[in-house]
Amino acid sequence: MNFRLRIVAWSVLSIVLIVGVLFGAAHWHLDGELRKEGRDLSHGSHPDWTIHGSYTDAEVQDILGELMTVWLWIAVPLLLASVGVGYSIAVRSLRPVRRINQELASLNSLSFAQGVHLPERDAELAALVHHINDLLGRVGKSYQEMAEYSSRVAHELRLPLTLLRLRLEAVAPELPPEVSEDLQEEIHHLSQLVERSLLMAKAEGGTLEHEIQPIDLSALLEDLHDGYSILADQADITLQWQPEPGLTVHSDPSLLRQILHNLLGNAIRHGSGEIHVEARSLDGGQHVLLEIRNRIAEGDTSLLGTGTGLRLVRAIISTLAGASFQTAEIDGNYIARLELLCCESEEEHALTSTSGKSDEAPLLQNGPH
Amino acid sequence: MRILVAEDDKKVRSHVVGALRAAGHAVDDTGDGEEAQWLLMEHSYDAAVLDIMMPGRDGVRVTRAVRAAGRATLILLATARSDIQDRVSGLDAGADDYIVKPYSTEELLARLRALQRRAKPDLDPVLRVADLEIDLRARVARRDGQEISLTNREFSLLEVLAEASPRPVSKATLVERVWDQHFDSGTNVLNVYISYLRKKVDLPGCVPLLQTLRGIGFALREDAP
């Protein structure tokens, strides 16, 4: 039973108890008085002075029955009123808690420092809000420090990576070919890892900059198609590529490429059988929906949130106005859905959105980070 | 080209200077911003590779001073920072391009060649390797006078290899320049494209130009030098 129902139940039970006690007391007292009235009484000094009883037992039962009926007529509306009053008290009492919940739900790594606010003065809740804000402040500070540290480390790593790359190029002809190729590939991977870490640190630390512009999404997907077709062939995967033509979105080209590479790369690496890539217009042209569906390869749990790829996608998406990203696992299929703002609706959205997140209800449950 | 390299890290500077010299350029170098500015004011360089974070004076300030003095030296800023604001401030100061670490020798050389071509539009836009001609302006390739039908991606791959010819280009550099840095494909996709290109460029009866150098990368050249 939730808290609101408990308050209503408490209110109703209180009224029932009070009414019941009053009724019981009245019934007991009246019963006693009427039965006393029903007995013959004689004067102590003059036994012949007698007052004959006014009520028979049947009359007493009849009067008490009448009383019960009247009580019931009063009690039923009283009970209904108590339910209403109880519900109203519950809703009013829990309003600040609901508001705190809403504010907490809207917080992300960029807005921890804002904390939550309580307009009503309530000592109990004020203490709770104070502790929540204190905790959020510490979490936000840790987050910021972690993002700054990652960013600093990533920057620092670029110099030795440059040196490694230049030195390896210079000595490559003298190395055994397989060693040289392995080293080149590892340096390339390391460079990508550094770039991704830096991007994630910036996105989660709120310092990611955008170059928002109209992007022909259909052309971009077409550009990516040939590379992923080859990778899919090699992984024995069928790629069902079905984006609508002429889709244009408002986004950052480099960040959007990074997002698409992460999602498509994940699908190829962890999928099996068929991968469906669909893109279509949504909400009468307000958004574009990109959906990637694949069967999860047996025993592979990487898509369920342990990798950094999806975390990076979520971090980037949280900084793009009008964009949203959801994932779900349904019957062994993994579904990634990316919503992007269309060019035409970007201006309108900029006027209404301040959070950088979609106002729409999630289409699917959010997967774990 | 006569090039100035200003980079405070000695090891990186030494490798960049070595690579540029190996590519046939005359190179001076310094690890100090003020010295870099003095060299650029006193001598005539075709191009300069300036690190942004340098002791004495940073690369952006050096660029601004050089431009204020009316020098037209091509300036390529190199940095470990990739923020848009950094890039904008460098380009606003008058730099011609911006390269982010970690870069490869070939990427650095390609940027310098692109700057040179931009500065001298009358340069021949056709790259030639033996009887292979690549017209960068018309985006057309011909072998022995016969036009080769190439996709955009194949043309880009051929262009990168031809620009570097006869030097080889590493697989990582090819993936970064022809696809993009976020594409985590390993070398599988590149190998497939090289085989497509080889079938179109090295036709039966022609001298093979597209060479695989194991452990190094690919090169477009008639024979190993």
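Details of the structure are given in the entry above.
What you see is a predicted model, and the numbers here were worked out from it, not measured in a lab. (Residues numbered from 1 in each chain as written. Chains lettered and ligands numbered in written order. Predicted model: local features only at pLDDT ≥ 70, side-chain atom pairs only at ≥ 80, totals over all residues. Heavy atoms only, no water.)

Glancing now at the overall build of chain B. The helix and strand tally for chain B stands at eight helices and 11 strands. Within chain B, counting contacts between residues at least 6 apart in sequence, those at least 24 apart form 54% of the total. Accessible area of chain B: about 9800 Å², with a carbon and sulfur share of 47%. (Helix = DSSP H or I, 4+ residues; strand = E, 2+ residues; numbered from the N terminus. Contact = heavy atoms within 4.5 Å. Areas by Shrake-Rupley, 256 points an atom, 1.4 Å probe, with all protein chains shown as cover.)

What the rule picks out here adds up to three aromatic pairs over all chains. Measuring from centroid to centroid gives 5.4 Å for Phe23(A) and Trp71(A), while their planes differ by 85°, and the two rings are edge-to-face. One end of the pair, Phe23(A), is in helix 1 (residues 3–38); the other, Trp71(A), is in helix 2 (residues 57–106), and 48 residues separate them in sequence. For the ring pair Trp179(B) and Tyr193(B), a centre distance of 5.2 Å and an interplane angle of 75° mean the geometry is edge-to-face. Residue Trp179(B) is located in the loop between helix 7 (171–178) and helix 8 (188–201), and its partner Tyr193(B) is located in helix 8; the two are separated by 14 residues in the primary sequence. For Trp179(B), a relative accessible area of 11% translates into the label buried. On the basis of relative accessible area, Tyr193(B) is assigned to the buried category, the value being 5%. Three or more aromatic residues joined by ring pairs form one cluster here, namely Trp179(B), Tyr193(B) and Tyr196(B). The ring of Tyr45(B) has Arg2(B) sitting right over it, with the charged end atom 4.8 Å from the ring centre. (Phe/Tyr/Trp six-rings, centres within 6.5 Å; stacked < 30°, edge-to-face > 60°. Buried < 20%, exposed > 50% of the residue type's maximum accessible area, 1.4 Å probe, protein only. Lys NZ or Arg CZ within 6 Å of the ring centre and 35° of its normal.)

Taken residue by residue, the interface counts 42 residues in chain A and 43 residues in chain B. Between chain A and chain B, the buried area comes to about 3900 Å², and carbon and sulfur atoms account for 52% of it. Our enumeration of links across chain A and chain B arrives at five salt bridges. Note that Asp226(A) is salt-bridged to Arg153(B), the shortest N-O span being 3.5 Å. At the junction of chain A and chain B, the tally comes to 14 residue pairs in polar contact (both at pLDDT 80 or more). Counting residues per element, the ones that place at least two in the side of chain A that touches chain B are helix 3 (123–171), helix 4 (177–205), helix 5 (217–234) and helix 6 (253–270) of chain A. Tallying contributions element by element places helix 4 of chain A first for the side of chain A that touches chain B, with 14 residues. Split by residue class, the side of chain A that touches chain B holds 12 nonpolar, 14 polar and 16 charged. (Buried area = accessible area lost by both parts, 1.4 Å probe. Salt bridge = Lys/Arg side-chain N within 4 Å of Asp/Glu carboxyl O. Polar contact = N/O pair within 3.5 Å; in protein donor to acceptor, adjacent residues only side chain to side chain. Nonpolar A, V, L, I, M, F, W, Y, C, P; charged D, E, K, R; others polar.)

Residue and element names in this part refer to chain A. Pairing within the open sheet is mixed, and its five strands lie in the order 4-6-7-9-8. Each edge of the open sheet carries a strand with a single partner, namely strand 4 (238–243) and strand 8 (324–330). Strand-to-strand, the axes of this sheet are offset by a mean angle of 10°, without reference to chain direction. As paired elements, strand 8 and strand 9 (residues 333–341) share seven bridges and run antiparallel to each other. The residue bridging Ile330 from the neighbouring strand is Asn333, located in strand 9. Sitting on the sheet, helix 5 is in contact with strand 4, strand 6 (271–282) and strand 7 (287–296), with an inclination near 175° to strand 4. Contacts from helix 6 reach strand 4, strand 6, strand 7, strand 8 and strand 9 within the one sheet, and its direction differs from that of strand 6 by about 150°. (Pairing = 2+ DSSP bridges. Axes fitted to C-alpha atoms, helices over the stretch in contact; angles between N-to-C directions.)

So, about helix 1 of chain A. All names here are of chain A. End to end, helix 1 covers 52 Å across 36 residues, agreeing with the expected 52 Å (1.5 Å per residue, within 8%). For helix 1, every residue scored as buried is listed here: Ile7, Val8, Ser11, Val12, Val19, Phe23, Asp31 and Leu34. Contacts from the buried residues of helix 1 go to helix 2. (Expected span 1.5 Å × (residues − 1).)

Turning our attention to the nonpolar core. Residues and elements named next belong to chain B. Core analysis: the biggest nonpolar cluster contains 78 residues, and Ile134, Leu161 and Leu220 have the highest contact counts within it. Setting aside chain neighbours within four positions, we find Leu220 in contact with Val129, Leu132, Ile134, Leu158, Leu161, Ala162, Ser165, Pro166, Leu209 and Leu210. Val12, Val27, Ala47 and Leu109 belong to the second-largest nonpolar core, a separate cluster that totals 20 residues. (Core = buried A, V, L, I, M, F, W, Y, C linked by side-chain atoms within 4.5 Å.)

Residues and elements named next belong to chain B. Spatial strand order, 6-7-8-9: four strands in an open sheet with antiparallel pairing. The open sheet has two edge strands with one neighbour each: strand 6 (126–129) and strand 9 (146–148). Neighbour-to-neighbour, the strand axes of this sheet turn through a mean angle of 25°, independent of strand direction. In terms of strand pairing, strand 6 meets strand 7 (residues 132–135) through four bridges, oriented antiparallel. Across the sheet, the residue bridging to Arg128 is Glu133, located in strand 7. Of the strands in this sheet, strand 6, strand 7 and strand 8 (140–143) touch helix 6 (residues 152–164), which is tilted by about 110° from strand 7.

In short, the description is geometric, and any link to function would need to be established separately.
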